[in-house]
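Observations on the model geometry
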Amino acid sequence: KNEVEQSPQNLTAQEGEFITINCSYSVGISALHWLQQHPGGGIVSLFMLSSGKKKHGRLIATINIQEKHSSLHITASHPRDSAVYICAGLNYGGSQGNLIFGKGTKLSVKP
Amino acid sequence: EPEVTQTPSHQVTQMGQEVILRCVPISNHLYFYWYRQILGQKVEFLVSFYNNEISEKSEIFDDQFSVERPDGSNFTLKIRSTKLEDSAMYFCASSEFVVGLFFGSGTQLSVL
């Protein structure tokens, strides 16, 4: 059974700190999404990665296919970054939206 | 900016009743999905839909569930006879092709 594991479950940081959230996945996952879930529940897709690294503003996502590991980094964190960050793996051979979701990492950035 | 719209934002229903959750995907998108998130748990994939038919479904998506694209814009999830355990946040999403997954803001379903 394909699985996605995230760590840590909860993360508290001070404004300005560099943040890393980790995701490990099993064989059978062909790509990874990083998602942001707002306190109200809405979900926003941040990145989809199948190799290498992507950057958008203060967010950086990397993936190591050999090690089956991905990281999401936030530079110069800000209280508005407070949210749940979810790693979701795309099932190999499945439809585009057939995702296996991690439990999420709840990030709280204090001013 | 285009967005996926879900209605209603909250739905309360009695056990055994039928509910229809509605979604308006982004207009040029071809692939549509439903997910659910039970309170405190992971998001779970329910179904994907393409070219007017289900392309994939999970074990959760049993005979109680159905999806439909009744016209050119709406995408609906129907639960025929709701159970207490169907209480969850239901998310619709759409994509144009293999990248760019866009989620709606969700419908919170409460079954009493």
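What comes next concerns the included structure.

Definitions and limits used
- Residues numbered from 1 in each chain as written.
- Chains lettered and ligands numbered in written order.
- Predicted model: local features only at pLDDT ≥ 70, side-chain atom pairs only at ≥ 80, totals over all residues.
- Heavy atoms only, no water.
- Helix = DSSP H or I, 4+ residues; strand = E, 2+ residues; numbered from the N terminus.
- Buried < 20%, exposed > 50% of the residue type's maximum accessible area, 1.4 Å probe, protein only.
- Areas by Shrake-Rupley, 256 points an atom, 1.4 Å probe, with all protein chains shown as cover.
- Lys, Arg positive; Asp, Glu negative; His and termini not counted.
- Charge placed at Lys NZ, Arg CZ, Asp CG, Glu CD.
- Pairing = 2+ DSSP bridges.
- Axes fitted to C-alpha atoms, helices over the stretch in contact; angles between N-to-C directions.
- Contact = heavy atoms within 4.5 Å.
- 1 Å grid on protein atoms, 1.4 Å probe; cavity = no way out; pocket = protein on both sides within 12 Å on 5 of 7 lines; lining within 4 Å.
- Points joined across faces, edges and corners; volume = space filled by probe spheres on them.
- Nonpolar A, V, L, I, M, F, W, Y, C, P; charged D, E, K, R; others polar.
- Buried area = accessible area lost by both parts, 1.4 Å probe.
- Salt bridge = Lys/Arg side-chain N within 4 Å of Asp/Glu carboxyl O.
- Polar contact = N/O pair within 3.5 Å; in protein donor to acceptor, adjacent residues only side chain to side chain.

Thoughts on the overall build of chain B
Counting its regular elements, chain B contains zero helices and eleven strands. Its helices and strands in sequence order give chain B the pattern β-β-β-β-β-β-β-β-β-β-β, from N to C terminus. Considering only C-alpha atoms, chain B reaches an extent of 35 × 25 × 25 Å along its principal axes. Within the span of chain B, comprising 112 residues, buried residues form 43% of the whole. Here chain B displays about 5800 Å² of accessible surface, and carbon together with sulfur accounts for 49% of that area. Of the charged side chains in chain B, 8 are positive and 14 negative, and the gap between their average positions amounts to 4 Å.

Some remarks on the sheet that holds strand β3 (residues 19–25) of chain A
All names here are of chain A. Read from one edge to the other, the open sheet built from five strands follows the order β1-β3-β8-β7-β6, with strand pairing classed as antiparallel. Bordering the open sheet on either side are β1 (4–7) and β6 (52–56), each of which pairs with just one other strand. Pairs of neighbouring strands in the sheet enclose a mean axial angle of 15°, with direction left out of account. Pairing of β3 with strand β8 (residues 69–74), which is carried by six bridges, proceeds in the antiparallel orientation. Its bridge partner being in β8, Ile19 is matched across the sheet by Ile74.

A word on the environment of Ser66 of chain B
All names here are of chain B. With respect to the helices, strands and loops of the structure, Ser66 is situated in strand β7 (residues 65–68). In sequence terms Ser66 and Met89 are 23 residues apart; their C-alpha atoms lie 17 Å from each other. Those residues within four positions of Ser66 in sequence are excluded, and the remaining contacts are Phe61, Thr76, Leu77, Lys78 and Arg80.

Regarding the layout of surface pockets
Of the volumes computed, that of the largest pocket is approximately 590 Å³. As for the largest pocket, its lining consists of 26 residues, and the residues nearest its centre are Gln37 and Val84 of chain A together with Gln37, Gly40 and Gln41 of chain B. Those elements giving two or more residues to the lining of the largest pocket turn out to be β9 (83–91) and β11 (105–110) of chain A together with β9 (88–95) of chain B. The residue inventory of the lining of the largest pocket, partitioned by class, reads nine nonpolar, 14 polar and three charged.

Thoughts on the interface of chain A and chain B
Taken together, the contact pairs 20 residues of chain A with 20 residues of chain B. Buried surface at the junction of chain A and chain B, both sides included, amounts to about 1500 Å², of which 61% is carbon and sulfur. Looking only at chain A, the three residues that lose the most surface to chain B are Ile43, Gln96 and Phe101 of chain A, adding up to 37% of its buried area. Scanning the region where chain A abuts chain B turns up zero salt bridges. Where chain A meets chain B, there are three residue pairs in polar contact (both at pLDDT 80 or more). For the side of chain A that touches chain B, the elements supplying multiple residues, two or more each, are β4 (29–37), β5 (43–49) and β10 (99–101) of chain A. Of the residues that constitute the side of chain A that touches chain B, the class distribution is seven nonpolar, twelve polar and one charged.

Quick word on the side chain of Ser77 of chain A
Residues and elements named next belong to chain A. Of note, Ser77 is situated in the loop between β8 and β9. Reaching out from Ser77, the side chain makes a polar contact with the backbone oxygen of Gln14 at a distance of 3.3 Å. Leave out the neighbours within four places in its chain, and Ser77 touches Gln14, Glu15, Gly16, Glu17, Ile19, Arg58 and Val109.

Purely geometric numbers; function is a separate question.
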